[in-house]
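Inside the fold
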Amino acid sequence: MYSWDFYTVMQSFDLFLIGIWTTFLYTIGSIALGVVIGLAACFARLSRFAALRVLARSYQELFRCTPLLVQILWAYYALPMLLGVSISNTTAGVLTLSLYVGSFYAEIFRGGINAIDKGQREAAAAVGMSGVQSMTHIILPQAVKKMLPAFINQSVIQVKNTSLLYAISVAELTYMTSVVNSETYRPLEAYSLAALMYFVMLFPLTQIADHFERRMRRSD
Amino acid sequence: MTEPVIAVRGLTKSFGSLDVLKGIDLDLMPGEVLGLIGPSGSGKSTLIRCLNMMETPSGGRFTFKGQEVTTRFRGKGARIGTGELRRDVGMVFQHFNLFPHLTVIDNITKGPRIVRGQSRAEAEALAMDLLAQVGLADKANAYPSHLSGGQKQRVAIARALAMKPDVLLLDEVTSALDPELVGEVLAVIRRLAEGGMTMVLVTHEMGFAADIASRVIFMEQGRIAEEGSPDEILRNPRSERLRSFLSRFHG
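Rules used throughout
Residues numbered from 1 in each chain as written. Chains lettered and ligands numbered in written order. Predicted model: local features only at pLDDT ≥ 70, side-chain atom pairs only at ≥ 80, totals over all residues. Heavy atoms only, no water. Helix = DSSP H or I, 4+ residues; strand = E, 2+ residues; numbered from the N terminus. Rg over C-alpha atoms; globule rule 2.2 N^0.38 Å. Buried < 20%, exposed > 50% of the residue type's maximum accessible area, 1.4 Å probe, protein only. Contact = heavy atoms within 4.5 Å. Areas by Shrake-Rupley, 256 points an atom, 1.4 Å probe, with all protein chains shown as cover. Lys, Arg positive; Asp, Glu negative; His and termini not counted. Charge placed at Lys NZ, Arg CZ, Asp CG, Glu CD. Axes fitted to C-alpha atoms, helices over the stretch in contact; angles between N-to-C directions. Parallel < 35°, antiparallel > 145°, perpendicular 65-115°, else oblique. Left-handed = near helix turned anticlockwise from the far one by under 90°. UniProt positions renumbered as here; feature names shortened; annotations may be inferred. Pairing = 2+ DSSP bridges. Patch = residues over 30% accessible without salt bridge, like charges linked within 9 Å, V, L, I, M, F, W, Y side chains within 5 Å. Salt bridge = Lys/Arg side-chain N within 4 Å of Asp/Glu carboxyl O. Buried area = accessible area lost by both parts, 1.4 Å probe. Polar contact = N/O pair within 3.5 Å; in protein donor to acceptor, adjacent residues only side chain to side chain.

**Quick notes on the overall build of chain B**
For chain B, the count of helices and strands is nine helices and ten strands. In terms of overall dimensions, chain B is globule-like: its C-alpha atoms have a radius of gyration of 18 Å, near the 18 Å expected for 251 residues. The dimensions of chain B, computed from C-alpha atoms along their principal axes, are 55 × 50 × 40 Å. Across the 251 residues of chain B, 56% fall into the buried class. Counting contacts in chain B only where the partners sit at least 6 residues apart, residues at least 24 apart contribute 64% of the total. As displayed, chain B has an accessible area near 10900 Å², and 46% of this comes from carbon and sulfur atoms. For chain B, the centre of its 31 positive side-chain charges and the centre of its 29 negative side-chain charges are spaced 6 Å apart.

**Some details on the packing of helix α3 (residues 104–115) of chain B against helix α4 (residues 120–133) of chain B**
Residue and element names in this part refer to chain B. Contact geometry of α3 with α4 gives a least axis separation of 9 Å together with a crossing angle of 125 degrees. In this view, α3 runs oblique relative to α4, as classed from their interaxial angle. Considering only the axes of α3 and α4, their crossing is right-handed. For the pair α3 and α4, contact is made by Val104, Ile105, Asp106, Ile108, Thr109, Pro112 and Arg113 and by Arg120, Ala123, Glu124, Ala127, Met128 and Leu131, respectively.

**Concerning the UniProt feature "domain: ABC transmembrane type-1" (unreviewed entry) in chain A**
Mapped onto the present numbering, the UniProt feature "domain: ABC transmembrane type-1" (unreviewed entry) falls at residues 20–209 of chain A. Helix makes up 84% of residues 20–209 of chain A and strand 0%, and the two end C-alpha atoms of the span are 22 Å apart.

**With respect to the pairing of strand β8 (residues 198–202) of chain B**
Residues and elements named next belong to chain B. The element β8 is largely enclosed, with a buried count of five among its five residues. What you see with β8 is no split at all: Thr198, Val200 and Val202 on one side and Met199 and Leu201 on the other are buried throughout. Bridge count for strand β3 (residues 33–37) against β8 is four bridges, and the pairing is parallel. For Leu34, the partnering residue across the bridge sits in β8 and is Val200. The pairing of strand β7 (residues 167–171) with β8 spans five bridges and is parallel. Following the sheet pairing, Asp171 is matched in β8 by Val202.

**Some thoughts on the sheet that holds strand β1 (residues 6–15) of chain B**
Residue and element names in this part refer to chain B. In spatial order, the strands read β2-β1-β4-β5; together these four strands make up an open sheet with antiparallel pairing. With one partner strand each, in any of the chains shown, β2 (18–28) and β5 (67–68) form the two edges of the open sheet. Note that strand β4 (residues 59–64) and β5 share two bridges and pair antiparallel. Looking across to β5, one finds that Thr63 is bridged to Glu68.

**Quick notes on the UniProt feature "transmembrane region" (unreviewed entry) in chain A**
All names here are of chain A. Taking the numbering used here, the UniProt-annotated feature "transmembrane region" (unreviewed entry) corresponds to residues 20–44, 65–87 and 190–209. Here residues 20–44 is 100% helix and 0% strand, with 35 Å between the C-alpha atoms at its ends. Along residues 190–209, the helical share is 100% and the strand share 0%, with 29 Å between the first and last C-alpha atoms.

**Quick look at the UniProt feature "domain: ABC transporter" (unreviewed entry) in chain B**
According to UniProt, the "domain: ABC transporter" (unreviewed entry) feature falls on residues 6–246 of chain B. Helix makes up 37% of residues 6–246 of chain B and strand 25%, and the two end C-alpha atoms of the span are 28 Å apart.

**Description of a nonpolar patch on the surface**
Residues and elements named next belong to chain A. On the surface, Tyr2, Trp4, Phe6, Met10, Phe13, Leu17 and Leu188 cluster together to form a nonpolar patch covering roughly 650 Å² of accessible area. If you list the elements that add at least two residues to the nonpolar patch, you get α1 (6–10) and α2 (13–46). Among the structural elements, Phe13 can be located in helix α2. Given the relative accessible area of 31%, Phe13 is considered partly exposed.

**Considerations on the interface of chain B and chain A**
If you look at the interface, chain B gives 22 residues, while chain A gives 17 residues. Of the roughly 1600 Å² buried where chain B meets chain A, counting both sides, 65% is carbon and sulfur surface. The largest per-residue losses of area from chain B upon contact with chain A belong to Phe99, His101 and Ile114 of chain B, which jointly make up 31% of the total buried on that side. Between chain B and chain A we count one salt bridge in total. Residue Glu122 of chain A pairs with Arg49 of chain B through a salt bridge whose shortest N-O separation is 2.7 Å. The tally of links between chain B and chain A comes to five residue pairs in polar contact (both at pLDDT 80 or more). Among the secondary structure elements, those contributing two or more residues to the side of chain B that touches chain A are α2 (82–88), β6 (89–92) and α3 of chain B. Broken down by element, the side of chain B that touches chain A gets its largest block of residues, four residues, from α3 of chain B.

**A word on the sheet that holds β7 of chain B**
Residue and element names in this part refer to chain B. Pairing in this open sheet of six strands is mixed, and the strands run β6-β7-β8-β3-β9-β10 from one edge to the other. Of all strands in the sheet, those bounded by a partner on one side alone are β6 and β10 (223–228). With strand direction ignored, the average angle separating the axes of adjacent strands in the sheet is 20 degrees. Summarising the sheet, β6 and β7 pair through four bridges and their orientation is parallel.

**Re the pattern of salt bridges**
Residues and elements named next belong to chain B. Scanning the model with the defined rule gives 21 salt bridges over all chains in all. Among the ionic pairs, Arg215 bridges to Glu227, the shortest N-O distance being 2.6 Å. Of this pair, Arg215 sits in strand β9 (residues 215–220) while Glu227 is found in strand β10, placing the two residues twelve residues apart along the sequence. A relative accessible area of 16% means that Arg215 is categorised as buried. Residue Glu220 is joined to Arg241 by a salt bridge in which the shortest nitrogen-to-oxygen separation is 3.0 Å.

Pasting the structure below:
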(Lines give C-alpha, C1' and ligand atoms only; values in the text may rest on other atoms or scores of the structure.)
Protein backbone atom coordinates (compact mmCIF):
# COMPACT_ATOMS: atom_id res chain seq x y z
CA MET A 1 0.00 0.00 0.00
CA TYR A 2 1.38 3.37 -1.03
CA SER A 3 1.65 5.85 1.77
CA TRP A 4 0.90 9.38 0.58
CA ASP A 5 3.21 12.08 1.75
CA PHE A 6 2.12 15.52 0.69
CA TYR A 7 4.05 17.11 3.53
CA THR A 8 7.44 16.63 1.87
CA VAL A 9 6.15 17.98 -1.41
CA MET A 10 4.54 20.96 0.28
CA GLN A 11 7.94 21.91 1.67
CA SER A 12 8.70 22.97 -1.90
CA PHE A 13 5.54 24.99 -2.31
CA ASP A 14 7.54 28.09 -3.24
CA LEU A 15 8.78 26.21 -6.31
CA PHE A 16 5.17 25.55 -7.33
CA LEU A 17 4.39 29.23 -6.85
CA ILE A 18 7.24 30.21 -9.15
CA GLY A 19 5.84 27.73 -11.67
CA ILE A 20 2.30 29.09 -11.45
CA TRP A 21 3.49 32.68 -11.78
CA THR A 22 5.65 31.82 -14.78
CA THR A 23 2.81 29.89 -16.41
CA PHE A 24 0.56 32.88 -15.81
CA LEU A 25 3.05 35.34 -17.36
CA TYR A 26 3.64 33.19 -20.45
CA THR A 27 -0.09 32.67 -20.88
CA ILE A 28 -0.97 36.37 -20.61
CA GLY A 29 1.99 37.43 -22.75
CA SER A 30 1.37 34.93 -25.52
CA ILE A 31 -2.39 35.54 -25.54
CA ALA A 32 -1.89 39.31 -25.79
CA LEU A 33 0.63 38.92 -28.60
CA GLY A 34 -1.50 36.19 -30.16
CA VAL A 35 -4.53 38.49 -30.30
CA VAL A 36 -2.50 41.14 -32.13
CA ILE A 37 -1.10 38.55 -34.54
CA GLY A 38 -4.52 36.91 -34.92
CA LEU A 39 -6.23 40.22 -35.71
CA ALA A 40 -3.57 41.08 -38.27
CA ALA A 41 -3.86 37.66 -39.92
CA CYS A 42 -7.66 37.83 -39.81
CA PHE A 43 -7.86 41.20 -41.55
CA ALA A 44 -5.16 40.15 -43.99
CA ARG A 45 -7.33 37.20 -44.94
CA LEU A 46 -10.38 39.43 -45.35
CA SER A 47 -8.37 41.94 -47.38
CA ARG A 48 -8.95 42.58 -51.06
CA PHE A 49 -5.25 42.13 -51.78
CA ALA A 50 -4.55 38.56 -52.87
CA ALA A 51 -0.91 38.67 -51.75
CA LEU A 52 -1.91 39.51 -48.17
CA ARG A 53 -4.51 36.75 -48.18
CA VAL A 54 -2.00 34.15 -49.37
CA LEU A 55 0.62 35.30 -46.89
CA ALA A 56 -1.77 35.09 -43.93
CA ARG A 57 -3.14 31.76 -45.08
CA SER A 58 0.36 30.27 -45.39
CA TYR A 59 1.30 31.45 -41.93
CA GLN A 60 -1.87 29.97 -40.47
CA GLU A 61 -1.49 26.58 -42.11
CA LEU A 62 2.18 26.36 -41.17
CA PHE A 63 1.44 26.83 -37.49
CA ARG A 64 -1.82 24.90 -37.39
CA CYS A 65 -0.48 21.83 -39.16
CA THR A 66 2.74 21.30 -37.23
CA PRO A 67 2.92 20.23 -33.57
CA LEU A 68 3.57 22.99 -31.10
CA LEU A 69 6.31 20.96 -29.44
CA VAL A 70 8.18 20.69 -32.73
CA GLN A 71 7.79 24.45 -33.25
CA ILE A 72 9.19 25.15 -29.79
CA LEU A 73 12.17 22.85 -30.27
CA TRP A 74 12.76 24.24 -33.74
CA ALA A 75 12.70 27.84 -32.55
CA TYR A 76 15.06 27.10 -29.68
CA TYR A 77 17.53 24.66 -31.24
CA ALA A 78 17.23 24.99 -35.02
CA LEU A 79 16.48 28.66 -35.66
CA PRO A 80 19.66 29.90 -33.90
CA MET A 81 21.72 27.74 -36.26
CA LEU A 82 19.95 29.29 -39.21
CA LEU A 83 20.34 32.86 -37.95
CA GLY A 84 23.72 32.49 -36.30
CA VAL A 85 22.49 34.16 -33.09
CA SER A 86 21.44 32.48 -29.90
CA ILE A 87 17.82 32.77 -28.85
CA SER A 88 16.86 32.61 -25.19
CA ASN A 89 14.28 30.07 -24.13
CA THR A 90 12.02 32.97 -23.09
CA THR A 91 12.10 34.48 -26.56
CA ALA A 92 11.67 31.15 -28.31
CA GLY A 93 8.85 30.22 -25.96
CA VAL A 94 6.85 33.46 -26.20
CA LEU A 95 7.38 33.66 -29.94
CA THR A 96 6.16 30.16 -30.76
CA LEU A 97 3.28 30.20 -28.30
CA SER A 98 2.07 33.54 -29.67
CA LEU A 99 2.38 32.58 -33.32
CA TYR A 100 0.72 29.26 -32.63
CA VAL A 101 -2.29 30.65 -30.79
CA GLY A 102 -2.47 33.59 -33.23
CA SER A 103 -3.08 31.20 -36.11
CA PHE A 104 -6.10 29.78 -34.28
CA TYR A 105 -7.34 33.16 -33.08
CA ALA A 106 -7.26 34.44 -36.66
CA GLU A 107 -9.64 31.68 -37.65
CA ILE A 108 -11.94 32.38 -34.69
CA PHE A 109 -12.02 36.13 -35.45
CA ARG A 110 -12.63 35.52 -39.14
CA GLY A 111 -15.42 33.07 -38.39
CA GLY A 112 -17.08 35.57 -36.04
CA ILE A 113 -16.94 38.37 -38.61
CA ASN A 114 -18.17 36.16 -41.44
CA ALA A 115 -21.06 34.96 -39.30
CA ILE A 116 -22.57 38.46 -39.35
CA ASP A 117 -25.28 38.78 -41.98
CA LYS A 118 -24.17 40.81 -44.99
CA GLY A 119 -27.32 42.90 -44.60
CA GLN A 120 -25.62 44.49 -41.59
CA ARG A 121 -22.74 45.74 -43.71
CA GLU A 122 -25.20 46.96 -46.33
CA ALA A 123 -27.30 48.81 -43.78
CA ALA A 124 -24.16 50.47 -42.41
CA ALA A 125 -23.01 51.38 -45.93
CA ALA A 126 -26.49 52.69 -46.75
CA VAL A 127 -26.15 55.52 -44.22
CA GLY A 128 -22.73 56.39 -45.65
CA MET A 129 -20.42 54.59 -43.22
CA SER A 130 -16.96 53.69 -44.47
CA GLY A 131 -15.66 50.14 -44.28
CA VAL A 132 -13.73 50.93 -41.11
CA GLN A 133 -16.70 52.67 -39.46
CA SER A 134 -18.99 49.81 -40.29
CA MET A 135 -16.45 47.30 -38.97
CA THR A 136 -15.88 49.09 -35.65
CA HIS A 137 -19.43 50.25 -34.91
CA ILE A 138 -21.60 47.55 -36.46
CA ILE A 139 -19.78 44.32 -37.34
CA LEU A 140 -17.20 43.85 -34.57
CA PRO A 141 -19.50 44.53 -31.61
CA GLN A 142 -21.76 41.76 -32.88
CA ALA A 143 -18.93 39.46 -33.95
CA VAL A 144 -17.13 39.66 -30.59
CA LYS A 145 -20.14 38.13 -28.88
CA LYS A 146 -20.11 35.25 -31.32
CA MET A 147 -16.35 34.74 -30.99
CA LEU A 148 -16.20 34.77 -27.22
CA PRO A 149 -16.84 31.07 -26.40
CA ALA A 150 -14.35 29.81 -28.98
CA PHE A 151 -11.85 32.47 -27.93
CA ILE A 152 -12.02 31.43 -24.28
CA ASN A 153 -11.73 27.74 -25.19
CA GLN A 154 -8.64 28.41 -27.27
CA SER A 155 -7.18 30.41 -24.40
CA VAL A 156 -7.81 27.52 -22.00
CA ILE A 157 -5.83 25.31 -24.35
CA GLN A 158 -3.15 27.98 -24.40
CA VAL A 159 -2.68 27.76 -20.62
CA LYS A 160 -2.11 24.03 -20.96
CA ASN A 161 0.18 24.48 -23.94
CA THR A 162 2.62 26.52 -21.85
CA SER A 163 3.51 23.17 -20.21
CA LEU A 164 5.32 22.23 -23.42
CA LEU A 165 7.92 24.87 -22.58
CA TYR A 166 9.13 22.22 -20.14
CA ALA A 167 11.10 20.91 -23.13
CA ILE A 168 13.26 24.05 -23.26
CA SER A 169 13.54 24.46 -19.47
CA VAL A 170 11.27 27.43 -18.98
CA ALA A 171 10.42 27.56 -15.28
CA GLU A 172 6.68 27.15 -15.76
CA LEU A 173 4.49 24.93 -13.62
CA THR A 174 5.24 21.58 -15.27
CA TYR A 175 8.98 22.23 -15.30
CA MET A 176 8.95 23.35 -11.67
CA THR A 177 6.99 20.25 -10.75
CA SER A 178 9.75 18.15 -12.24
CA VAL A 179 12.19 20.09 -10.10
CA VAL A 180 10.09 19.35 -7.01
CA ASN A 181 10.00 15.70 -8.06
CA SER A 182 13.76 15.42 -8.40
CA GLU A 183 14.23 17.01 -5.00
CA THR A 184 11.65 14.93 -3.16
CA TYR A 185 11.34 11.72 -5.21
CA ARG A 186 7.59 12.02 -4.78
CA PRO A 187 6.25 11.97 -8.41
CA LEU A 188 2.74 10.86 -7.47
CA GLU A 189 2.18 13.73 -5.08
CA ALA A 190 4.04 16.29 -7.14
CA TYR A 191 2.31 15.64 -10.47
CA SER A 192 -1.09 15.16 -8.82
CA LEU A 193 -0.69 18.56 -7.23
CA ALA A 194 0.37 20.08 -10.54
CA ALA A 195 -2.69 18.63 -12.25
CA LEU A 196 -4.91 19.99 -9.49
CA MET A 197 -3.37 23.44 -9.86
CA TYR A 198 -4.00 23.49 -13.60
CA PHE A 199 -7.56 22.34 -12.98
CA VAL A 200 -8.26 25.04 -10.41
CA MET A 201 -6.95 27.67 -12.83
CA LEU A 202 -8.90 26.43 -15.84
CA PHE A 203 -12.22 25.16 -14.54
CA PRO A 204 -13.60 28.68 -13.93
CA LEU A 205 -12.58 29.67 -17.47
CA THR A 206 -14.48 26.81 -19.10
CA GLN A 207 -17.51 27.74 -16.98
CA ILE A 208 -17.30 31.30 -18.25
CA ALA A 209 -17.12 30.02 -21.84
CA ASP A 210 -20.21 27.89 -21.25
CA HIS A 211 -22.01 30.85 -19.74
CA PHE A 212 -21.36 33.00 -22.81
CA GLU A 213 -22.38 30.21 -25.11
CA ARG A 214 -25.69 29.74 -23.30
CA ARG A 215 -26.35 33.46 -23.29
CA MET A 216 -25.60 33.65 -26.99
CA ARG A 217 -28.00 30.85 -27.80
CA ARG A 218 -30.71 32.60 -25.82
CA SER A 219 -30.27 35.90 -27.62
CA ASP A 220 -30.43 34.31 -31.07
CA MET B 1 -35.94 73.43 -66.06
CA THR B 2 -35.34 71.57 -62.83
CA GLU B 3 -32.37 69.30 -62.60
CA PRO B 4 -32.88 65.57 -61.90
CA VAL B 5 -31.69 64.38 -58.49
CA ILE B 6 -30.33 61.20 -59.98
CA ALA B 7 -29.65 60.73 -63.67
CA VAL B 8 -28.33 57.53 -65.21
CA ARG B 9 -27.46 56.92 -68.84
CA GLY B 10 -26.74 53.55 -70.39
CA LEU B 11 -26.43 51.89 -66.99
CA THR B 12 -25.40 48.24 -67.21
CA LYS B 13 -24.73 45.60 -64.62
CA SER B 14 -23.42 42.09 -65.13
CA PHE B 15 -22.78 39.34 -62.65
CA GLY B 16 -20.17 37.24 -64.42
CA SER B 17 -21.66 36.38 -67.79
CA LEU B 18 -25.17 37.26 -66.70
CA ASP B 19 -26.33 40.67 -67.91
CA VAL B 20 -28.87 41.87 -65.38
CA LEU B 21 -29.19 45.47 -66.55
CA LYS B 22 -28.77 46.15 -70.26
CA GLY B 23 -28.64 49.90 -70.60
CA ILE B 24 -30.99 51.89 -68.38
CA ASP B 25 -31.70 55.58 -68.92
CA LEU B 26 -33.45 57.20 -66.03
CA ASP B 27 -34.02 60.69 -64.65
CA LEU B 28 -35.37 60.93 -61.15
CA MET B 29 -36.93 64.34 -60.59
CA PRO B 30 -37.26 66.07 -57.20
CA GLY B 31 -40.50 65.19 -55.44
CA GLU B 32 -41.16 62.30 -57.74
CA VAL B 33 -42.38 58.93 -56.46
CA LEU B 34 -41.16 56.32 -58.90
CA GLY B 35 -42.54 52.80 -58.77
CA LEU B 36 -40.45 49.97 -60.23
CA ILE B 37 -42.42 46.87 -61.12
CA GLY B 38 -41.64 43.75 -63.08
CA PRO B 39 -41.30 39.99 -62.81
CA SER B 40 -38.57 38.56 -60.59
CA GLY B 41 -35.26 38.54 -62.41
CA SER B 42 -36.23 41.58 -64.45
CA GLY B 43 -33.49 43.64 -62.80
CA LYS B 44 -35.64 46.01 -60.75
CA SER B 45 -33.93 45.17 -57.46
CA THR B 46 -30.49 45.46 -59.07
CA LEU B 47 -31.47 48.81 -60.54
CA ILE B 48 -32.63 50.27 -57.23
CA ARG B 49 -29.45 48.95 -55.58
CA CYS B 50 -27.39 50.70 -58.26
CA LEU B 51 -29.06 54.01 -57.41
CA ASN B 52 -27.06 54.27 -54.16
CA MET B 53 -24.13 52.25 -55.55
CA MET B 54 -24.86 49.36 -53.19
CA GLU B 55 -24.35 47.44 -56.40
CA THR B 56 -21.46 48.77 -58.49
CA PRO B 57 -22.65 49.35 -62.06
CA SER B 58 -20.62 47.66 -64.79
CA GLY B 59 -21.02 50.56 -67.15
CA GLY B 60 -22.87 53.77 -67.90
CA ARG B 61 -22.95 57.27 -66.47
CA PHE B 62 -24.32 58.19 -63.07
CA THR B 63 -24.84 61.69 -61.76
CA PHE B 64 -26.26 62.91 -58.49
CA LYS B 65 -27.54 66.50 -58.55
CA GLY B 66 -25.44 67.06 -61.62
CA GLN B 67 -22.25 65.69 -60.09
CA GLU B 68 -20.63 62.60 -61.47
CA VAL B 69 -20.31 59.72 -58.98
CA THR B 70 -17.30 57.41 -58.74
CA THR B 71 -17.54 53.81 -57.61
CA ARG B 72 -15.03 54.50 -54.82
CA PHE B 73 -16.01 55.42 -51.27
CA ARG B 74 -14.18 58.74 -51.46
CA GLY B 75 -14.74 61.17 -54.28
CA LYS B 76 -12.03 62.57 -56.51
CA GLY B 77 -11.89 66.06 -57.93
CA ALA B 78 -15.35 67.12 -59.02
CA ARG B 79 -16.68 63.59 -58.72
CA ILE B 80 -18.32 62.50 -55.48
CA GLY B 81 -17.77 59.12 -53.84
CA THR B 82 -20.29 56.50 -52.80
CA GLY B 83 -19.95 57.62 -49.18
CA GLU B 84 -21.21 61.11 -49.99
CA LEU B 85 -23.88 59.71 -52.30
CA ARG B 86 -25.29 57.39 -49.64
CA ARG B 87 -25.52 60.16 -47.07
CA ASP B 88 -28.08 61.78 -49.32
CA VAL B 89 -29.70 58.71 -50.84
CA GLY B 90 -31.23 56.58 -48.09
CA MET B 91 -32.22 52.96 -48.47
CA VAL B 92 -34.70 50.68 -46.74
CA PHE B 93 -34.29 46.94 -47.19
CA GLN B 94 -36.69 44.05 -47.52
CA HIS B 95 -35.32 42.37 -44.40
CA PHE B 96 -35.01 45.61 -42.37
CA ASN B 97 -31.35 44.95 -41.45
CA LEU B 98 -31.67 46.76 -38.14
CA PHE B 99 -28.57 46.57 -35.94
CA PRO B 100 -29.55 43.94 -33.34
CA HIS B 101 -26.97 45.03 -30.76
CA LEU B 102 -28.34 48.57 -30.62
CA THR B 103 -31.57 49.97 -29.21
CA VAL B 104 -34.10 51.50 -31.55
CA ILE B 105 -32.89 55.03 -30.86
CA ASP B 106 -29.22 54.05 -31.29
CA ASN B 107 -30.10 52.37 -34.58
CA ILE B 108 -31.42 55.69 -35.75
CA THR B 109 -28.73 57.98 -34.32
CA LYS B 110 -25.68 55.88 -35.29
CA GLY B 111 -25.50 57.14 -38.87
CA PRO B 112 -26.04 60.85 -38.14
CA ARG B 113 -23.55 60.77 -35.29
CA ILE B 114 -20.78 58.83 -37.03
CA VAL B 115 -21.22 59.97 -40.59
CA ARG B 116 -22.61 63.48 -40.15
CA GLY B 117 -20.83 64.15 -36.88
CA GLN B 118 -23.98 65.23 -35.05
CA SER B 119 -23.92 65.47 -31.25
CA ARG B 120 -25.79 62.82 -29.30
CA ALA B 121 -28.38 65.34 -28.10
CA GLU B 122 -29.01 66.69 -31.57
CA ALA B 123 -29.26 63.22 -33.13
CA GLU B 124 -31.54 61.93 -30.39
CA ALA B 125 -33.89 64.88 -30.63
CA LEU B 126 -34.29 64.24 -34.34
CA ALA B 127 -34.64 60.48 -33.78
CA MET B 128 -37.44 60.99 -31.24
CA ASP B 129 -39.16 63.25 -33.71
CA LEU B 130 -38.94 60.61 -36.43
CA LEU B 131 -40.07 57.84 -34.08
CA ALA B 132 -43.13 59.90 -33.25
CA GLN B 133 -43.80 60.28 -36.97
CA VAL B 134 -43.72 56.52 -37.51
CA GLY B 135 -45.74 55.93 -34.35
CA LEU B 136 -43.05 54.26 -32.27
CA ALA B 137 -42.00 56.88 -29.76
CA ASP B 138 -42.62 54.41 -26.92
CA LYS B 139 -40.12 51.91 -28.41
CA ALA B 140 -37.04 54.17 -28.33
CA ASN B 141 -35.20 52.02 -25.82
CA ALA B 142 -36.36 48.62 -27.05
CA TYR B 143 -34.07 46.25 -28.93
CA PRO B 144 -35.05 45.21 -32.45
CA SER B 145 -35.65 41.59 -31.39
CA HIS B 146 -38.61 42.82 -29.31
CA LEU B 147 -40.36 44.45 -32.27
CA SER B 148 -42.80 43.05 -34.81
CA GLY B 149 -41.82 43.04 -38.48
CA GLY B 150 -43.93 46.11 -39.21
CA GLN B 151 -42.38 47.97 -36.30
CA LYS B 152 -38.88 46.97 -37.43
CA GLN B 153 -39.54 48.30 -40.89
CA ARG B 154 -40.88 51.57 -39.53
CA VAL B 155 -37.72 51.94 -37.45
CA ALA B 156 -35.66 51.18 -40.57
CA ILE B 157 -37.49 53.97 -42.39
CA ALA B 158 -36.83 56.35 -39.50
CA ARG B 159 -33.17 55.32 -39.57
CA ALA B 160 -32.91 56.21 -43.25
CA LEU B 161 -34.77 59.51 -42.74
CA ALA B 162 -32.46 60.53 -39.90
CA MET B 163 -29.74 61.18 -42.49
CA LYS B 164 -32.11 63.77 -44.04
CA PRO B 165 -31.73 62.21 -47.46
CA ASP B 166 -32.74 63.84 -50.73
CA VAL B 167 -33.98 60.49 -52.02
CA LEU B 168 -35.32 57.40 -50.31
CA LEU B 169 -34.94 54.00 -51.98
CA LEU B 170 -37.41 51.35 -50.82
CA ASP B 171 -36.53 47.83 -51.94
CA GLU B 172 -39.57 45.55 -51.50
CA VAL B 173 -40.03 46.88 -48.00
CA THR B 174 -43.29 45.02 -47.35
CA SER B 175 -42.39 41.68 -48.95
CA ALA B 176 -41.09 40.09 -45.76
CA LEU B 177 -44.04 41.22 -43.64
CA ASP B 178 -47.09 39.31 -42.52
CA PRO B 179 -50.07 40.61 -44.50
CA GLU B 180 -51.69 42.24 -41.47
CA LEU B 181 -48.53 44.32 -40.87
CA VAL B 182 -48.19 45.68 -44.40
CA GLY B 183 -50.70 48.49 -43.88
CA GLU B 184 -48.83 50.25 -41.08
CA VAL B 185 -45.67 50.45 -43.21
CA LEU B 186 -47.51 51.62 -46.31
CA ALA B 187 -49.20 54.33 -44.24
CA VAL B 188 -45.79 55.71 -43.27
CA ILE B 189 -44.63 55.70 -46.89
CA ARG B 190 -47.83 57.37 -48.02
CA ARG B 191 -47.28 60.22 -45.55
CA LEU B 192 -43.73 60.65 -46.85
CA ALA B 193 -45.04 60.85 -50.40
CA GLU B 194 -47.59 63.46 -49.36
CA GLY B 195 -44.78 65.39 -47.68
CA GLY B 196 -42.97 65.63 -51.02
CA MET B 197 -40.20 63.08 -50.37
CA THR B 198 -38.46 61.88 -53.52
CA MET B 199 -38.74 58.11 -53.54
CA VAL B 200 -38.05 55.06 -55.65
CA LEU B 201 -39.88 51.93 -54.67
CA VAL B 202 -39.63 48.39 -55.89
CA THR B 203 -42.92 46.82 -54.95
CA HIS B 204 -45.40 44.06 -55.57
CA GLU B 205 -48.19 46.12 -54.04
CA MET B 206 -49.75 47.24 -57.33
CA GLY B 207 -52.68 48.97 -55.73
CA PHE B 208 -50.36 50.95 -53.52
CA ALA B 209 -48.07 51.85 -56.41
CA ALA B 210 -51.10 53.03 -58.40
CA ASP B 211 -52.08 55.17 -55.45
CA ILE B 212 -48.90 56.99 -54.52
CA ALA B 213 -46.53 56.71 -57.49
CA SER B 214 -46.25 59.68 -59.82
CA ARG B 215 -44.57 57.46 -62.41
CA VAL B 216 -44.30 53.72 -62.90
CA ILE B 217 -41.62 51.80 -64.75
CA PHE B 218 -42.25 48.24 -65.89
CA MET B 219 -38.99 46.36 -66.24
CA GLU B 220 -38.36 43.21 -68.14
CA GLN B 221 -35.15 41.32 -68.89
CA GLY B 222 -32.88 44.11 -67.75
CA ARG B 223 -34.58 46.85 -69.74
CA ILE B 224 -37.27 49.44 -69.18
CA ALA B 225 -40.14 47.91 -71.09
CA GLU B 226 -42.80 50.54 -70.42
CA GLU B 227 -43.05 53.69 -68.39
CA GLY B 228 -45.67 56.27 -67.72
CA SER B 229 -48.22 57.47 -65.20
CA PRO B 230 -49.80 54.84 -62.94
CA ASP B 231 -52.96 55.26 -65.00
CA GLU B 232 -51.20 54.40 -68.24
CA ILE B 233 -49.11 51.56 -66.90
CA LEU B 234 -51.28 49.91 -64.31
CA ARG B 235 -54.80 50.61 -65.60
CA ASN B 236 -54.24 50.71 -69.35
CA PRO B 237 -51.24 48.50 -70.08
CA ARG B 238 -50.22 48.49 -73.73
CA SER B 239 -48.06 45.41 -74.15
CA GLU B 240 -49.32 41.86 -73.81
CA ARG B 241 -46.42 41.10 -71.44
CA LEU B 242 -47.38 43.85 -69.02
CA ARG B 243 -51.04 42.82 -69.18
CA SER B 244 -50.22 39.23 -68.28
CA PHE B 245 -47.83 40.39 -65.56
CA LEU B 246 -50.52 42.57 -64.00
CA SER B 247 -53.20 39.92 -64.30
CA ARG B 248 -51.30 37.85 -61.76
CA PHE B 249 -51.87 40.56 -59.18
CA HIS B 250 -55.60 40.96 -59.69
CA GLY B 251 -58.51 38.70 -58.81
